[in-house]
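Here is how the chains run, residue by residue.
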Amino acid sequence: MTATTASIDPTEALARRQARRERLYARLNKAGGLLGVFGLGFVVPLIKLGLGDTPRHQLRELRQQLLVPLLGIVAFLAAWAYLAPQVQTSLGAIPGPVQVWEQAGNLWDDHLAEREKQAAFFERQEARNAKLIAAGKADRVKYRDYTGAPTYLDQILTSLKTVALGFVFATIVAVPLGIACGLSRVANGALNPLIQIFKPVSPLAWLPIVTMVVSAVYSNPSDALPKSLLISAVTVTLCSLWPTLINTALGVASIDKDLLNVGRVLQLPTGRTITKLVLPSSLPLIFTGLRLSLGVGWMVLIAAEMLAQNPGLGKFVWDEFQNGSSQSLAKIMVAVVTIGLIGFLLDRLMFALQSACTFSTNR
């Protein structure tokens, strides 16, 4: 043991420790980029501070990435708590953060209670069917879906499913049209007037038309795709495809012309030119358009659900407004906070995808 310890050169041991430290810091810096996408960049200076790295620099980073945002949130909550009771409505005073938090807990309790009812329903159904099978009456066995009222979390999931469907429709339409507009002056000239005319149209104007068209065309809706969900999704598509279309056309039009000339010299077919040259070069702007489209789609969806009485968060808000109970305002504010948080997370998700798929996230 003594001989082994004596054989280690102190200088070499120090160099190894320094190399391990540099590798650890490199991994931390790499993880910091991903954490920063989700607003958790302050974790890296905290770890570095624990490892004994320059306290002054790390504390400055912590102040900028953690303390300043927290101060902003605390100031907002304090102003909300002070000003809300000053405003009296027909339903009572505007609820403060504490009342809103309590209602968030009540909505969660309601969700758990509804799930218990659902589980009990299926247990009773299984027991009844088992008795029928045991009695030789298998032909009388029936399986029914649970038809209880959707909970707040169910409404959130419905809204997420609807906006995802509308966003996929919008992307499928907008990206190919944007590429055509960017590559062809003829296509751009033909589509640009239509884009400028239909881009500012409100979802309030689209909704009656979409409702009538879907009702006429989609007369036999399936359980997996109800008519109300399709109406909301198509409305989201019509209002959210424009940012992706415009940014895709701009990204394709701004490609270095030498790249396209190389493709012509190599006699690449159009499909390979698009997949090998056009799409990789224009991805940053395409993702910028997708992020804008997703944000627009989320806002439009809430309005569409509210006006068309389609299931989702918008309908929840409208139902609570019509309910008019003393807790309705607090529940509506829970929905407002939820809508904002989900919108933020959707944007961060698209930003993470953009960071993973492109070399530049600054555009």
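Structural data are supplied above this passage.
My aim in this report is to walk through the structure given alongside it, one point at a time.

About the criteria used
Residues numbered from 1 in each chain as written. Predicted model: local features only at pLDDT ≥ 70, side-chain atom pairs only at ≥ 80, totals over all residues. Heavy atoms only, no water. Helix = DSSP H or I, 4+ residues; strand = E, 2+ residues; numbered from the N terminus. Rg over C-alpha atoms; globule rule 2.2 N^0.38 Å. Buried < 20%, exposed > 50% of the residue type's maximum accessible area, 1.4 Å probe, protein only. Contact = heavy atoms within 4.5 Å. Areas by Shrake-Rupley, 256 points an atom, 1.4 Å probe, with all protein chains shown as cover. Lys, Arg positive; Asp, Glu negative; His and termini not counted. Charge placed at Lys NZ, Arg CZ, Asp CG, Glu CD. Patch = residues over 30% accessible without salt bridge, like charges linked within 9 Å, V, L, I, M, F, W, Y side chains within 5 Å. Salt bridge = Lys/Arg side-chain N within 4 Å of Asp/Glu carboxyl O. Axes fitted to C-alpha atoms, helices over the stretch in contact; angles between N-to-C directions. Parallel < 35°, antiparallel > 145°, perpendicular 65-115°, else oblique. Left-handed = near helix turned anticlockwise from the far one by under 90°. Nonpolar A, V, L, I, M, F, W, Y, C, P; charged D, E, K, R; others polar. Phe/Tyr/Trp six-rings, centres within 6.5 Å; stacked < 30°, edge-to-face > 60°. Lys NZ or Arg CZ within 6 Å of the ring centre and 35° of its normal. Core = buried A, V, L, I, M, F, W, Y, C linked by side-chain atoms within 4.5 Å.

## Quick look at the overall build of the protein
Okay, so step 1: Per the secondary structure count, the protein includes 13 helices and 2 strands.
Okay, so step 2: In terms of overall dimensions, the protein is more spread out than a globule: its C-alpha atoms have a radius of gyration of 28 Å, far above the 21 Å expected for 363 residues.
Okay, so step 3: A burial count over the protein gives 33% of its 363 residues as buried.
Okay, so step 4: In the protein, of all internal contacts separated by at least 6 residues, the share reaching a separation of at least 24 is 68%.
Okay, so step 5: Roughly 22,000 Å² of accessible area belongs to the protein as shown, and the carbon and sulfur atoms make up 66% of that amount.
Okay, so step 6: Charge centroids of the protein, computed over 33 positive and 22 negative side chains, lie 7 Å from each other.

## Some words on a nonpolar patch on the surface
Okay, so step 1: Together, Val 168, Phe 169, Ile 172, Val 173 and Leu 177 line one region of the surface with nonpolar side chains, adding up to about 390 Å² of accessible area.
Okay, so step 2: With respect to the secondary-structure elements, Phe 169 resides in helix α6 (residues 152–183).
Okay, so step 3: Judged by relative accessible area, which is 31%, Phe 169 ranks as partly exposed.

## A few points about unusual backbone geometry
Okay, so step 1: You will see that Gln 267, though not glycine, has its phi angle at about 55°, which is positive.
Okay, so step 2: With respect to the helices and strands, Gln 267 occurs in the loop between α10 (257–265) and α11 (270–308).

## Structural notes on the packing of α6 against helix α13 (residues 328–357)
Okay, so step 1: At a minimum axis distance of 12 Å, the contact between α6 and α13 shows a crossing angle of 40°. In terms of orientation, α6 lies oblique with respect to α13. Like other packed secondary-structure pairs, α6 and α13 cross with a definite hand, here right-handed. Residue-level inspection shows Tyr 152, Ile 156, Leu 160 and Phe 167 of α6 in contact with α13, the latter providing Val 334, Ala 335, Thr 338, Ile 342 and Met 350.
Okay, so step 2: Its residues assigned to classes, the contact of α6 with α13 comprises 8 nonpolar, 1 polar and no charged.

## Section: the environment of Ala 205
Okay, so step 1: With respect to the element layout, Ala 205 can be found in helix α8 (residues 203–217).
Okay, so step 2: Its relative accessible area of 40% is what places Ala 205 among the partly exposed residues.
Okay, so step 3: Each C-alpha atom of the pair Ala 205 and Thr 235 lies 9.7 Å from the other, and the pair is 30 residues apart in sequence.

## What about the packing of aromatic side chains?
Okay, so step 1: A complete count under the given rule lists 6 aromatic pairs for this structure.
Okay, so step 2: Relative to Phe 321, the ring of Trp 318 lies with its centre 5.5 Å away and its plane at 40°, an arrangement referred to as tilted. Separated by 3 residues within a single helix, Trp 318 and Phe 321 lie in helix α12 (residues 313–323), roughly one turn from each other.
Okay, so step 3: Following the ring pairs from residue to residue traces out a cluster consisting of Phe 121, Phe 122 and Tyr 146.
Okay, so step 4: In this arrangement the basic side chain of Arg 348 is found over the ring face of Phe 351, its NZ or CZ atom lying 4.8 Å from the centre.

## Focus on the nonpolar core
Okay, so step 1: By size, the foremost hydrophobic cluster in this structure holds 36 residues, and its most contacted members are Tyr 152, Val 214, Leu 290, Trp 298, Leu 313, Ile 342 and Met 350.
Okay, so step 2: Where this core is concerned, the elements lending two or more residues are α5 (97–134), α6, α8, α9 (227–253), α11, α12 and α13.
Okay, so step 3: Considering every element that reaches this core, the biggest residue donor is α11, with 9 residues.
Okay, so step 4: When neighbours within four sequence positions are excluded, Met 350 is seen to be in contact with Phe 167, Phe 287, Leu 290, Arg 291 and Leu 294.
Okay, so step 5: Counting 8 residues, the second-largest nonpolar core is a separate cluster that includes Ile 195, Leu 241, Trp 242 and Ala 249.

## So, the pattern of salt bridges
Okay, so step 1: All told, the structure shown has 4 salt bridges when counted by the stated rule.
Okay, so step 2: Two residues, Asp 319 and Lys 315, come together in a salt bridge whose shortest N-O distance is 2.9 Å. Of the two residues, Asp 319 and Lys 315 are both situated in helix α12; the distance of 4 residues between them amounts to about one turn of the helix.
Okay, so step 3: The class for Asp 319 is partly exposed, based on a relative accessible area of 29%.
Okay, so step 4: A relative accessible area of 22% means that Lys 315 is categorised as partly exposed.
Okay, so step 5: Shared partners join several salt bridges into a network, and the residues in it are Arg 291, Asp 347 and Arg 348.

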